[in-house]
Amino acid sequence: QVQVRESGGGLVQTGGSLRLSCAVSGFNIGATAWYRQRPGNPREWVASATSGGATNYADSVKGRFTISRDSAKNTGYLQMNSRKPEGTAVYYCKALQTRLGRPLKDNWGQGTQVTVSS
């Protein structure tokens, strides 16, 4: 069964750190991305990593967030440091499912709430 599930959200103080996890089941983790949706705003891209490990970040999080994955655990991560109050949002993981090396489907998790207190 294909499933993507985020965890690790919660309450963090301004300046603090938090690590989100993205557990993938039903296919091997490869390219992943993190998005967030702040209250009253559309979902926005935060960071992504290709299957080869190349990473990209939104300017607003560059230097503070790190995207990574552990293939042995079939899990992706988003390490978030130096949190800011505007980072309060629901964070979503997207994992690309492939077949024979070709993109098949983007799979989304249900999201995990992160609240940054000022």
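Visitor: In this structure, what is going on with the environment of Gln13? I would like to understand it.
Guide: By the element assignment, Gln13 lies in strand E2 (residues 10-13). By relative accessible area, Gln13 is classed as exposed at 61%. As a C-alpha pair, Gln13 and Ser48 span 35 residues in sequence and 25 Å in three-dimensional space. With sequence-adjacent residues up to four places away left out, Gln13 is seen in contact with Arg83, Val116 and Ser117.

Visitor: Explain the packing of aromatic side chains here, please?
Guide: The relative placement of two aromatic rings is captured by the distance of their centres and the angle of their planes. According to the stated counting rule, one finds one aromatic pair in the structure shown. It is Arg43 that lies over the ring of Tyr92; its NZ or CZ is 3.6 Å from the centre. The aromatic ring of Trp108 is capped on one face by Arg43, whose charged end is 4.8 Å from the ring centroid.

Visitor: Please clarify how the state of the cysteines should be interpreted in this entry.
Guide: Two cysteines form a disulfide when their sulfur atoms are joined by a covalent bond. Summed over all chains, the structure comprises one disulfide. The disulfide partner of Cys22 is Cys93, and the gap between their sulfur atoms is 2.0 Å. Every disulfide takes its handedness from the sign of the S-S torsion; for Cys22 and Cys93 that torsion is -75 degrees, giving left-handed. With Cys22 in strand E3 (residues 18-25) and Cys93 in strand E9 (residues 89-99), this residue pair connects regions lying 71 residues apart in the sequence. Owing to a relative accessible area of 0%, Cys22 belongs among the buried residues under this scheme.

Reading the values: rules and limits
Residues numbered from 1 in each chain as written. Predicted model: local features only at pLDDT ≥ 70, side-chain atom pairs only at ≥ 80, totals over all residues. Heavy atoms only, no water. Helix = DSSP H or I, 4+ residues; strand = E, 2+ residues; numbered from the N terminus. Buried < 20%, exposed > 50% of the residue type's maximum accessible area, 1.4 Å probe, protein only. Contact = heavy atoms within 4.5 Å. Phe/Tyr/Trp six-rings, centres within 6.5 Å; stacked < 30°, edge-to-face > 60°. Lys NZ or Arg CZ within 6 Å of the ring centre and 35° of its normal. Disulfide = S-S within 2.5 Å.

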